[in-house]
Amino acid sequence: MQTFPPPRIYDALGLIMSYYPNHFTEQAKVEIETLLDHCLETLHDDSEKFLSTLIIKALRKMIGTSGIDEHIYLKRYEITQIELFNILIKEFPFVKWGHEIANTLICNKLKDSENAIIVDIGIGQGIQMVHLLQKLNSLPKIKNVTIIGIEPFIDALEATGENFSRLKSQVNYNLHFEPWNIFIENIKEATFAEKLAPFNGEIIINASLALHHIQTLDNRLQVMSVLRSPSPKGIVLVEPNIDHFEPDFNRRFHNCYQHFYHIFQVIDNLNIDQYTKNGLKLFFGREIEDIIGHKNSERYEKHEPAFRWIEKLIHGGFAVQNNFLEKLPEVGSGIDLYFNESGYLGFRYKSETVLSVIYAEPVHIA
Amino acid sequence: MIVHKHANVTIEYDQAKQRLKQTWSGFIPSKDFRDAIDATVVFAAKNPVRTIISDTLNQGVVKPEDTEYAGSVMPKLVAKGLKGMAFVIPENIFTQLSLKKFANNEQTKGVQYFKSESDAVVWLNSL
């Protein structure tokens, strides 16, 4: 029987993306439908096809083609918000261990402190902070902890408040929560100082998967400067290590593909059923839609590689510290952790460093 | 003898070999593609067609539903005496995906795929 191997999906996808922005002819649209049809055939247990489907979905939204309705195929994998949060926090190593490492680092830095102020940028529902507050309980000297939770979504802040209220009776220090319903880029040095003024203690700033939502370079640099202004003890950044700030659509597509191709392989390694794996992949479809399916000026998932965050920190008056943990945990799922000499802790799967944790302290000029 | 001719497809009949040859080029709109498939079926209903060679080397992509349509006529051709069909594999990767879909169709079992026309002809001549 004479047959032939199917072509590489990545090659086909790359060709389609090369038509952007104005070469989506009738033939090109049939090519898109054909590739989508090919991907949908065995979507369930093929990560590359799942990823390509999400990318094509985003592209079609951008260029406005109709045809096969991929939503019918994808919606069977939708999972509830609660399930999703549980998986992200308990199973997904980049979130679970990103939080854990950041929290361990913060605890280490506060081990001799009696009073601490933790500024959490993009606190969300306070999931990471709940774990941190539990961890702080083991510090013998800690007496007062203030969490300043910066978050643009009021509902999330209210949920955080409820989460912290439940926690108050379980910790052996005074816990105060100061919600701040604002976008970080709208905070000026003076208002930051005013917000911090009533509280006493060493300041630690935490920004887990938050700063990449700031849209412009100018605002990112300004935020670094504002964060430096109260002379915090340190700042912890957790950020995806990929360039989705890239304005060129084709380069951004290739970066996006490589990044999520590796993330999806990690998801395939998790000890959860196939439907839940696909539910988690579908969750990342929202990020892919932002990266591929929106105009650059309307995008919010603008990740940058670790070295560029380090540059911004330095520009803002910080110095990064490497080797900030004595012992690195085994995170499993085929991921290895390593300290890059430029100043970050990398979460690497195969050849791709997917996530970085950066710790920096203010430079004090004599 | 030319059976069907369009800007993007020519269908010829070799009476001595009782063979139809489809030669495709570029992107062919849906209606024109189906017209060519229909022309093949109509001709095979009236004339002895033992084998078909479909040269898709330079063909552009085919809509998924048109690929299914092409697969759906195979039983009619076999019922009229078709003994074998060979494709020359396209260079275009999207056309390869179209052909892969055709190949995965249950109704196209027995169809074979070759890198060159000469290899395809050797197989068809052996039938």
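Residues numbered from 1 in each chain as written. Chains lettered and ligands numbered in written order. Predicted model: local features only at pLDDT ≥ 70, side-chain atom pairs only at ≥ 80, totals over all residues. Heavy atoms only, no water.

Caption draft 1: Inspection of helix α5 (residues 81-90) of chain A at higher detail. All names here are of chain A. Among the residues of α5, those classed as buried are L84, I87 and L88. Each buried residue of α5 sits inside an arc of 100° when the element is viewed along its axis, so together they form one side. Away from its buried face, by an angle of more than 90 degrees, α5 presents the exposed residues I82 and K90. Looking at the buried positions of α5, the neighbouring elements they touch are α6 (93-109) and α12 (274-293). (Buried < 20%, exposed > 50% of the residue type's maximum accessible area, 1.4 Å probe, protein only. Helix = DSSP H or I, 4+ residues; strand = E, 2+ residues; numbered from the N terminus. Arc of directions from axis to C-beta. Contact = heavy atoms within 4.5 Å.)

Caption draft 2: Focus on the interface of chain A and chain B. Taken residue by residue, the interface counts 22 residues in chain A and 22 residues in chain B. The contact between chain A and chain B buries some 2,000 Å² in all, and 73% of this surface belongs to carbon and sulfur atoms. Connecting chain A to chain B are two salt bridges. We note a salt bridge from K101(B) to D37(A), for which the minimum N-O separation is 2.9 Å. Counting every contact that joins chain A to chain B gives three residue pairs in polar contact (both at pLDDT 80 or more). Elements that contribute at least two residues to the side of chain A that touches chain B include exactly α1 (9-17) and α2 (26-41) of chain A. Looking at the side of chain A that touches chain B element by element, the count peaks at 10 residues for α2(A). In terms of residue class, the side of chain A that touches chain B is built from 11 nonpolar, five polar and six charged. (Buried area = accessible area lost by both parts, 1.4 Å probe. Salt bridge = Lys/Arg side-chain N within 4 Å of Asp/Glu carboxyl O. Polar contact = N/O pair within 3.5 Å; in protein donor to acceptor, adjacent residues only side chain to side chain. Nonpolar A, V, L, I, M, F, W, Y, C, P; charged D, E, K, R; others polar.)

Caption draft 3: Representation of the nonpolar core. Residues L35(A), F92(A), L136(A), I147(A), F264(A), I288(A) and I292(A) are the most contacted members of the largest nonpolar core, which totals 94 residues. In terms of residues, this core owes the most to one element, helix α11 (residues 249-269) of chain A, which gives nine residues. Residues within four places of L35(A) in sequence aside, it is in contact with I9(A), A12(A), L13(A), I16(A), I56(A), F94(B) and L97(B). If you look at the next biggest cluster of nonpolar residues, it comprises 33 residues, including A207(A), A210(A), L227(A) and A360(A). (Core = buried A, V, L, I, M, F, W, Y, C linked by side-chain atoms within 4.5 Å.)

Caption draft 4: Quick look at the pattern of salt bridges. Residues and elements named next belong to chain A. One pass over the full model with this rule turns up 26 salt bridges over all chains. The residue R308 makes a salt bridge to E304 at a minimum N-O spacing of 2.7 Å. Of the two residues, R308 and E304, both sit in the buried class. One continuous salt-bridge network, built from bridges that share partners, spans R220, D243, E304, R308 and K312.

Caption draft 5: Fine view of the packing of aromatic side chains. All names here are of chain A. Applying the stated criterion across every chain, the model contains 26 aromatic pairs over all chains. For the ring pair Y20 and F249, a centre distance of 3.9 Å and an interplane angle of 25° mean the geometry is stacked. Of the two residues, Y20 is situated in the loop between α1 and α2 and F249 in helix α11; the sequence distance between them amounts to 229 residues. By relative accessible area, which is 28% here, Y20 ends up partly exposed. Aromatic pair F324 and F339: ring centres 5.1 Å apart, planes at 90°, arrangement edge-to-face. With F324 in the loop between β6 (318-320) and β7 (335-340) and F339 in strand β7, this pair connects stretches of sequence that are 15 residues apart. In this structure F324 comes out as buried when scored by relative accessible area, which is 9%. In this structure an aromatic cluster arises from ring pairing among F50, Y77, F92, F94, F260, F264, Y275, F283, F284 and F347. In this arrangement the basic side chain of K281 is found over the ring face of F50, its NZ or CZ atom lying 5.9 Å from the centre. (Phe/Tyr/Trp six-rings, centres within 6.5 Å; stacked < 30°, edge-to-face > 60°. Lys NZ or Arg CZ within 6 Å of the ring centre and 35° of its normal.)

Caption draft 6: Representation of the side chain of E304(A) in the model. Positionally, E304(A) belongs in the loop between α12 and α13 (306-315). In this structure E304(A) touches R220(A), P240(A), N241(A), I242(A), D243(A), F245(A), W309(A) and K312(A), once residues within four positions along its chain are discounted.

Caption draft 7: Quick look at the pairing of strand β8 (residues 344-349) of chain A. All names here are of chain A. Most of β8 is tucked away: five of the six residues are buried. Pairing geometry for β7 and β8, over six bridges, is antiparallel. In the strand pairing of β8, N340 is matched with Y344. In this structure, β8 lies alongside strand β9 (residues 352-362), joined through five bridges in antiparallel fashion. Its bridge partner being in β9, L345 is matched across the sheet by V357. Counting the residues that bridge the hairpin from β8 to β9 gives two residues, and of these K350 lies at a positive phi of roughly 55°. (Pairing = 2+ DSSP bridges.)

Caption draft 8: View of the packing of α1(A) against helix α3 (residues 47-63) of chain A. All names here are of chain A. Between α1 and α3, whose axes approach to 11 Å, the crossing angle comes to 10°. In terms of orientation, α1 and α3 fall into the roughly parallel class. Residues I9, Y10, L13, I16 and M17 of α1 form the contact with α3, whose own contacting residues are E48, K49, S52, I55, I56 and L59. Along the lines of polarity and charge, the residues of the contact of α1 with α3 split into eight nonpolar, one polar and two charged. (Axes fitted to C-alpha atoms, helices over the stretch in contact; angles between N-to-C directions. Parallel < 35°, antiparallel > 145°, perpendicular 65-115°, else oblique.)

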